[in-house]
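Examination of the molecular architecture
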Amino acid sequence: MDFSAVQFGDEILGYNESSTFSEDSSAYADLYAGDAGEAFSPGGEFTHDTHDGDFISSGEYQESRTVLVDGSDHYGVSAVSVDRKEELVWMGNSGGHVTSYLSTDLMKYTSFQVHATEEIRDIWAYDLGILALTPTSLNMRTRQGIPAFTHQSPQLENMQCMLQLGGNFSHRLLLGGHQSSMVEFDLTRQEQTRCHQVGEQGCVILRDHPRFVCHGDLTGRIVLHDPRTMRQEHSFQAHTGSLSDFDVLGNYIATCGLSNRMGQLLGDQFVMVFDLRMMKLSLPLRALVPPFLLRFVPGLSSCLAVVSPVGQWQLMDAGQPDNAIMSLSYQINCVPESVITTFDVASSSQAIVFGDSLGSLHLFTSGSKPTFNNFSQETMMPDLPEQTQTMPLTDKTASLASIPMYYPTSALLSEWPEQYMKVGYRPTPPVDAAILSSMKIVGSIGYAPNLHNKKRNQVPYKFNRTKGQKSSASENVLGKNDEGITVHVPWRYRKLEIKYGKLGMDDFDYDQYNRTSFSGLDMSLPNSYCNPMIQMFYYIAPLRALMMSHLCEREFCLVCELGFLFHMLDVSMGQGIPCHASNFLRAFRTIPEASAMSLTLSDQDNRAKINFASKIQSWNRFVLQQLHTETLEDRANHSHVDSLDERMFQNSCQIDTSLEEPEITKAEEGHIVERQDKREYSPVAVIFGSHVVSINKCTRCNHEIHKDTTSLLVNLTFPESLEAGRCSFSSVVERSMSLEQTRQAWCDSCTRYQPIEQWRRYKTLPDILAMNCGLDSAQDFRFWKHQFELLLTDVRDKKREEEKKKSEAKYGNNDKELSKANERNTPSLTTGSPSTPSKRYPDSSSSQPSPARPCRYGQGCTRHDCRFWHPGRDAGEGQQPAHVLSLLDQTMEYSWVPPGMRAKLNEDGTVSLSDITKSELEDAKDNECGVVYELVGVVSHIADPRFPDKNNLVACIRVGPGYHVRAKVSSVSHWYLFNDISIQPIGQEEALWFPLGWKTPCVLYWQRRQLPSESHSVEQINPITVDVFGEDKSLAQRGRKRITFTPLTADEMPGEGDLVAMDAEFVNLHQEEAEIRSDGTRTTIKPSQKSVARITCIRGQGPLEGTPFLDDYISTQEQVVDYLTQFSGIKPGDLDANFSQKHLTTLKSTYVKLRYLVDKGVKFVGHGLKNDFRVINMTVPMAQLIDTVHLFHMSHNRMVSLKFLAWHFLKLKIQSVTHDSIEDARTALALYQKYCELKANGDLVMELQTLYEAGKKAQWKVPGEEEED
């Protein structure tokens, strides 16, 4: 509530009862003076240490609407409130009138008079309507303006504010004012219940908090009350003079007001922030504007909106006092004589509404489509009376459909008798003349070839349509791009949509998508669009070794998670089952910067509206920097790392020390060259980093700043003009690496913004050159396409010349025969149907169809793009000349991107690059002309015009010989196409093949042919040792922890072949998505996403056999939709560190323990281990799994549950109420021992037959189970 609208005898606010809002703001200027007592001028100018009254006009918020409210010619705005339920803004003025405005367009919705003479002091919108407070009454209206009740009592003397309590006290309304008591009103019974004494200074401001009711009085004191008893709990003296406004959010109370300075009341320049956790004053915040009103911005934990009386306001961060003065400031577009009297912030944080003393309402919004609430109720609109329109009979353009239909009771004139009616059938369309001309009659039946110009078994009828109407058949069903070229995306490039069967992922045949020895990545998880880049990282041998050799203590570390994922891909080789990147993506989602850059997606996002080409490039840039930062932090945390790695980095990057310069050098001209070294060394920088000097030079004072940095990738920048003609790809890369440009930037020497020349110079070249292709603008894409057009035009012209020379050699000087031959040869290059290559794609070495080959349909051919020869028809007759880019769909031989490049670092720091063709690349070596880079990976964006919602990202990667040796195949290098779970071998030509209609390159990775062996080891070091069992800390913070396991001792550590019984329990993060067809079959569209909640490991041998040595509950920060308590035994609160009494740990802590056991060759015994390890996100060799599901299974029969196996073989009843992982693991171990006993005695087959007979007889239910239930 606005404190300035109070009218009483004490003149601490600078105006008396005779003052009105139309007067100037000199009183406020006197109150809000600077530090030395100087007053602010009425015009709104005030002094500041560094900004001199200049406010930043550009920020997140912009003033979008300003309206004059009802009665603005006489009364000012005294109260403003943004509705928390509907898209409405409520305004009350000093004349007792209330008006509401709809949406951010501020369209008037309702307007009504509440009181004849008294002003509106406060407005509050709740579920049932609007509460308006005047000095002596409380009024309630519906949102449509209908009166509900008016409450008056002797205790309502000079009311100022009101507050509806939250939670279970939502029926209680508190009313405060300039009186010694606070009135409590029951909204349900609509009656006054009791009064609470607050003292002589009254209660002029009320604010709500989950634990307190906060009120402020006239002396600058803030009092905290218990909401149940209204007993005073604590108080703060915020200001020595008086309180202007305060607000509460979370753990902070922010206040502004006036203080006594040399006997005068002056406005404080500081905003006081109190911490409710310590119940004391935190650091005060110095505001750029004189604080008069303030509100916390919802949705932002510590963001404050601070308003001055003369129209300036700013956003401050209460959590960062040192940076509060650098916050953004804004200016309200109001007249100098007006005073800002009140304001409110919308719950969505997208709108802020201000009211001034001259009756204007100012709306500031942010975003393209701002709303007041994130989820608003629909506002009831008035029913407008239906108006009948008239039209003259002579108006021939009038729409007769606007006339209401008349339903007569008698027969119509159009109902003719049957004797005057005749049935007419639609005539059959005539047979195509081309079919009749080529038809062969055999007996009474005619045979003709199919022209493929009509749909099968469909006869289209032509309807007369008015000009301008579009048929639904005009959709892009043929898949044509913007140039009109037909696009057909091969199946292996398309977005895969997997529908699982009854058993989910277990019965799915992945071999139809992947027949290689390598493993794909599952695409059913959110943010799986980054799968191609993960595969790219894995097949870079030095990076793979680095990731797998890393281990730190951070819970969410991308380097650790990549190492774990790469280990899974190693173990999965040859198994034919894709891996899940769930743990890596989980860690990726926890990074705040990733969410801020919109790199995280949800299942509800529309793929058709997502620019995956731009997003994967941002992901590449962000993750490389994140890996560099995390390995840098790890390096800083280990003091034993000496300068050897630093020297190795310099040696591997070939640092030229001759280019070193002192920190500050005075040139001959007199200008200063300043040197700043901001390089950071990390193992990732050794692989991807290059030493770059960024030079900024002021064009006015010639002041230069040289910054030494480490660059991890190159962003391609293309020329703006197409007039340069054809240029090589390496020249574009060279221009991007040494880009020179001039920008307006800050010059420290001139102390102002000046034109700054910027360029880069390289001191070293990277071993792995990561490159983002850009192509995110139409101008860049036009340049890319233009280069392909120039390349293919040269190819076409050369082939024409070759065909012409062959014809001249064959026909001599006979012009007539020569011209006919040229006509026959021309269509092979100028016309043709763009057929997409598949397994029958024409390779660079395969022969093309002969240009003189006749068409099988002869003159009956109606295909306008037929590329064969037709007798009696010219090459251009009836045919459309195909675009030169269609050659990309006919062959993979030509590409603007070369397979290799040669790079030379010049003495001046520039880089010279040149293309290397395929034939030259085989023998290319590093020499004095430069080093050789060869392309090792391409990530491309696949866009099918027919299915815009199925955009896809694929990777073409050259897999090195080391990976083939690990997969136990020949030691060669080969290219593969990675499309999530699909992996197909391809040639190098297809990796460089970019049909512009649907395949666009996004990321290119180049690798030096000769990598320094001393700095790039491809053999990883296993960082997981027995020490992972040493530190076992619980995250639970409350109560007494129940320890259910006995840790392993040093002599108990399992070795190769030892038995460990294991079981895991899970919770659901996302439910399964399935569809049931009309025939009753059930298909799983998307499997449920589970998270491991408990992992138990039990000793399988030794004196403590059957005793758990690991029983960890896994803490999760993600929302759990189903705890599956009946099947998992997990209850709400078991996974919360604040309430759990279990041994609670992080997933990473338990994961590394299991990894240690897997690496040691331990054999795991359990029931359904394949599913357990899949959810844990770990791949275990099949030889180390002993699954009782398969031990007690007969082929062509169902799987038997652990509960039934325990009853049948062990005579135990388990899982009676809920599942317990310790009990299940012990049961699985006992069943394995029983299996070994039966197999040794030769009774296994007979016992299995007895098992299935007993199961069928009992319907696979444990006897007595139903009676117990």
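Residues numbered from 1 in each chain as written. Predicted model: local features only at pLDDT ≥ 70, side-chain atom pairs only at ≥ 80, totals over all residues. Heavy atoms only, no water.

A look at the pattern of salt bridges
Taken as a whole, this structure holds 35 salt bridges when the rule is applied. Notably, a salt bridge pairs arginine 207 with aspartate 245, separated by 3.1 Å at the nearest N-O pair. Of this pair, arginine 207 sits in strand β14 (residues 205-208) while aspartate 245 sits in strand β18 (residues 242-249); the two residues are 38 residues apart in sequence, bridging distant segments of the chain. Across this residue pair, the class does not change: arginine 207 and aspartate 245 are buried. Where arginine 207 meets aspartate 247, a salt bridge forms, and the shortest distance between an N and an O atom there is 3.6 Å. Of the two residues, arginine 207 is situated in strand β14 and aspartate 247 in strand β18; the sequence distance between them amounts to 40 residues. What makes arginine 207 buried here is its relative accessible area of 10%. Taking the relative accessible area as the measure of exposure, aspartate 247 reaches 9% and is therefore buried. (Salt bridge = Lys/Arg side-chain N within 4 Å of Asp/Glu carboxyl O. Helix = DSSP H or I, 4+ residues; strand = E, 2+ residues; numbered from the N terminus. Buried < 20%, exposed > 50% of the residue type's maximum accessible area, 1.4 Å probe, protein only.)

Remarks on the nonpolar core
In this structure, Phe537, Trp619, Phe688, Tyr1005, Leu1154 and Phe1164 are the most contacted members of the largest nonpolar core, which totals 97 residues. With 9 residues, helix α5 (residues 558-571) is the single largest residue contributor to this core. (Core = buried A, V, L, I, M, F, W, Y, C linked by side-chain atoms within 4.5 Å.)

Re helix α3 (residues 531-538)
The buried fraction of α3 amounts to 8 of the 8 residues, a majority that puts the element mostly inside the structure. Inspection of α3 places Asn531, Pro532, Met533, Ile534, Gln535, Met536, Phe537 and Tyr538 among the buried residues, and these make up the whole buried set.

Some points on a nonpolar patch on the surface
Together, Met391, Leu400 and Ile403 make up an exposed nonpolar region whose accessible area comes to about 290 Å². In this structure isoleucine 403 comes out as partly exposed when scored by relative accessible area, which is 47%. (Patch = residues over 30% accessible without salt bridge, like charges linked within 9 Å, V, L, I, M, F, W, Y side chains within 5 Å. Areas by Shrake-Rupley, 256 points an atom, 1.4 Å probe, with all protein chains shown as cover.)

Concerning the side chain of threonine 910
Here threonine 910 shows up in the loop between β41 (900-905) and β42 (911-916). Only 2.7 Å separates the side chain of threonine 910 from the side chain of aspartate 908, close enough to count as a polar contact. In contact with threonine 910, other than residues within four places in its own chain, are Ser738, Arg761, Lys904 and Leu905. (Polar contact = N/O pair within 3.5 Å; in protein donor to acceptor, adjacent residues only side chain to side chain. Contact = heavy atoms within 4.5 Å.)

A short note on the sheet that holds strand β30 (residues 360-365)
The strand order β1-β30-β29-β28 describes an open sheet built from 4 strands, whose pairing is antiparallel. Of all the strands in the sheet, the pair left with one neighbour each is β1 (62-68) and β28 (340-345). Ignoring strand direction, the axes of neighbouring strands in this sheet form an average angle of 20°. Bridging between β1 and β30 involves 6 bridges; their strand directions are antiparallel. Residue glutamate 63 lies in a different strand from β30, and its bridge partner there is phenylalanine 364. (Pairing = 2+ DSSP bridges. Axes fitted to C-alpha atoms, helices over the stretch in contact; angles between N-to-C directions.)

Concerning the sheet that holds strand β9 (residues 147-151)
Strands sit in the order β6-β7-β8-β9 across an open sheet of 4 strands; the sheet is antiparallel. The outermost strands of the open sheet, each flanked by one partner alone, are β6 (122-125) and β9. The mean angle between the axes of side-by-side strands here comes to 15°, regardless of whether they run parallel or antiparallel. For strand β7 (residues 130-133) and strand β8 (residues 138-141), the ladder comprises 4 bridges, and the chain directions are antiparallel. Bridging across to β8, isoleucine 130 finds its partner in arginine 141.

Here's the deal with unusual backbone geometry
Despite not being glycine, serine 103 has its phi angle at roughly 60°, a positive value. With respect to the helices and strands, serine 103 occurs in the loop between β4 (97-102) and β5 (107-113). For serine 103, a relative accessible area of 18% gives the class buried. One non-glycine residue, asparagine 527, adopts positive backbone phi at about 65°. By secondary structure assignment, the location of asparagine 527 is in the loop between β32 (445-447) and α3. For asparagine 527, a relative accessible area of 4% gives the class buried.

Some details on the UniProt feature "binding site: a divalent metal cation" (unreviewed entry) in the protein
Listed under "binding site: a divalent metal cation" (unreviewed entry) in the UniProt record, and renumbered for this structure, are Asp1063, Glu1065, Asp1172 and Asp1224. Spanning 162 residues, the annotated positions come together in the fold, the maximum distance between their C-alpha atoms being 12.8 Å. With respect to the helices and strands, the residue glutamate 1065 is situated in strand β48 (residues 1059-1070). Leaving out residues up to four positions away in the same chain, glutamate 1065 has contacts with Ser1091, Val1092, Ala1093, Arg1094, Phe1127, Ser1128, Ile1130, His1219, Asp1220, Ser1221 and Asp1224. With respect to the element layout, aspartate 1224 can be found in helix α24 (residues 1221-1241). (UniProt positions renumbered as here; feature names shortened; annotations may be inferred.)

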